[in-house]
Amino acid sequence: MKVTYHGHSVLEIQTDQHSIWIDPFINGNGQAKIEVKDVKADVILLTHGHNDHVGDTVEIAKANNSLVVAPFELAEYLQTLGVEAHPMHIGGSRTFDFGKVKFTQAFHGSSYSQEDGTVVYTGMPAGILFSHGGKTLYHAGDTALFSDMKLIGEFAKPDIAFLPIGDNFTMGPEDALIAADWIGAEITVPIHYNTFPVIEQDPETSFTSQLGNRGKVLKSGESISV
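The rules behind these values
- Residues numbered from 1 in each chain as written.
- Predicted model: local features only at pLDDT ≥ 70, side-chain atom pairs only at ≥ 80, totals over all residues.
- Heavy atoms only, no water.
- Helix = DSSP H or I, 4+ residues; strand = E, 2+ residues; numbered from the N terminus.
- Rg over C-alpha atoms; globule rule 2.2 N^0.38 Å.
- Buried < 20%, exposed > 50% of the residue type's maximum accessible area, 1.4 Å probe, protein only.
- Contact = heavy atoms within 4.5 Å.
- Areas by Shrake-Rupley, 256 points an atom, 1.4 Å probe, with all protein chains shown as cover.
- Pairing = 2+ DSSP bridges.
- Axes fitted to C-alpha atoms, helices over the stretch in contact; angles between N-to-C directions.
- Phe/Tyr/Trp six-rings, centres within 6.5 Å; stacked < 30°, edge-to-face > 60°.
- Lys NZ or Arg CZ within 6 Å of the ring centre and 35° of its normal.
- Core = buried A, V, L, I, M, F, W, Y, C linked by side-chain atoms within 4.5 Å.
- Patch = residues over 30% accessible without salt bridge, like charges linked within 9 Å, V, L, I, M, F, W, Y side chains within 5 Å.
- Salt bridge = Lys/Arg side-chain N within 4 Å of Asp/Glu carboxyl O.

Undergrad: If you had to explain the overall build of the protein chain to someone new, which residues and values would you point to?
TA: Looking only at helices and strands, the protein chain has six helices and 15 strands in total. Over its C-alpha atoms the protein chain spans a radius of gyration of 16 Å, differing by no more than 12% from the 17 Å that the globule rule assigns to 226 residues. Its C-alpha atoms give the protein chain principal-axis dimensions of roughly 45 × 40 × 30 Å. Counting the 226 residues in the protein chain, one finds 54% classified as buried. Put simply, 57% of the contacts in the protein chain that link residues at least 6 apart link residues at least 24 apart. Surface accessibility of the protein chain: about 9,600 Å² in total, with carbon and sulfur atoms responsible for 48%.

So, in structure tokens, the structure goes:
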């Protein structure tokens, strides 16, 4: 897998046959160096319903005939907007033609704010384990530190993990360092920071430098092969 980071919590995963995006928040993401019209997505995986994670899902999915895979309530809401969505839930896994998806716990919230100000409840937030070609990627979504991350490390054995470090809404660097040790991925990449003033962090000083060769900062638009 080739994984490209597009700022905030946005990942683009390229396999030999598919393009899979996680939480495609492009418009409003000052770190993104790509425009929505240029996104090619066969599949979109969503961790939860907050606007900075659902992002441009509807526009991208309709333009690309993308399949959206999301927690149940969020998937059902997106179906009402004309999107092809496959509902899943925490602890459940499914093998698709593009890879295996399993949703994990995440301790956060999940709701979508519509343009008229109406807030739609979108179920439980989640993390995502995505496996393809014998490799497993863990996207923790927006979450606090929780002890079952030890089980994710023990049983899923992710090759690469993407953990939020922004603090305020999610884990900060200190808790993310504990999570990184519990998960034990070969490479851990910080996400969900510096998009807004309230989540500003120095990812090298506060996080990756303390992980040694197990930590890597990806700039927006930068890729890593797994």
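Undergrad: Kindly report on the sheet that holds strand 12 (residues 135–139), identifying the contributing residues and their values.
TA: Strand order across the open sheet formed by six strands is 7-8-11-12-13-14, with mixed pairing between neighbours. Each end of this open sheet is capped by a strand with a single partner; those strands are strand 7 (93–96) and strand 14 (187–191). Averaged over all pairs of adjacent strands, the angle between strand axes in this sheet comes to 15 degrees, irrespective of strand direction. Sheet analysis places strand 11 (residues 126–132) next to strand 12, joined by five bridges and oriented antiparallel. From the neighbouring strand, I128 faces strand 12, where its bridge partner is H139. Each of strand 8 (99–105), strand 11 and strand 12 is contacted by helix 4 (residues 149–156), which is oriented at about 170 degrees to strand 12, the strand it contacts most. Strands strand 12, strand 13 (160–164) and strand 14 of the sheet are contacted by helix 5 (residues 173–183), whose axis makes an angle of about 160 degrees with strand 13.

Undergrad: Lay out the sheet that holds strand 2 (residues 11–14) in plain terms, naming residues and giving numbers.
TA: On the basis of which strands lie adjacent, the open sheet formed by seven strands has the order 6-5-4-3-2-1-15 and mixed pairing. At either end of the open sheet lies a strand with only one pairing partner, and these are strand 6 (85–88) and strand 15 (223–225). Direction aside, neighbouring strands of the sheet carry axes that sit 20 degrees apart on average. For strand 4 (residues 43–45) and strand 5 (residues 67–71), the ladder comprises three bridges, and the chain directions are parallel. By the bridge assignment, L45 is partnered in strand 5 with V69. Across the sheet, helix 3 (residues 72–80) lies against strand 5 and strand 6, angled at about 140 degrees from strand 5, the strand it touches most.

Undergrad: Please set out the packing of aromatic side chains residue by residue, giving values where relevant.
TA: The full count for this structure, using the stated rule, is four aromatic pairs. Note on Y77 and Y112: the rings are 5.7 Å apart at their centroids and 45 degrees apart in plane angle, and the pair reads as tilted. Of this pair, Y77 sits in helix 3 while Y112 sits in strand 9 (residues 111–113), and the two are 35 residues apart along the sequence. You can call Y77 buried: its relative accessible area is 12%. Considering the side-chain rings of F98 and F130, the 6.3 Å spacing of their centres and the 15 degrees angle between planes classify their relative orientation as stacked. Of this pair, F98 sits in the loop between strand 7 and strand 8 while F130 sits in strand 11, and the two are 32 residues apart along the sequence. Across the pair, F130 and F98 agree in class, each one buried. Taken together, the ring pairs in this structure connect F96, F98 and F130 into an aromatic cluster. We note R94 situated over the ring of F96; from NZ or CZ to the ring centre the distance is 5.6 Å.

Undergrad: Before we move on, could you go through the nonpolar core and cite the residues and values that matter?
TA: By size, the foremost hydrophobic cluster in this structure holds 46 residues, and its most contacted members are L45, V69, F98, V101 and Y138. Setting aside chain neighbours within four positions, we find Y138 in contact with T104, I128, L129, F146, M149, I152, P158, I160, A161, F162, L163 and I183. Within the second largest apolar cluster, 24 residues are counted, among which are V36, V68, L74 and V120.

Undergrad: Describe a nonpolar patch on the surface, with residues and values.
TA: Judged by side-chain polarity, I90, Y121 and M124 come together as a nonpolar surface patch covering roughly 310 Å² of accessible area. With respect to the helices and strands, Y121 occurs in strand 10 (residues 119–121).

Undergrad: So what's going on with the environment of I90? Which residues, and what values?
TA: With respect to the helices, strands and loops of the structure, I90 is situated in the loop between strand 6 and strand 7. Residue I90 is classed as partly exposed on the basis of its relative accessible area of 30%. Residues within four places of I90 in sequence aside, it is in contact with F103, T104, Q105, M124, P125 and A126.

Just distances and angles here, no functional claims.
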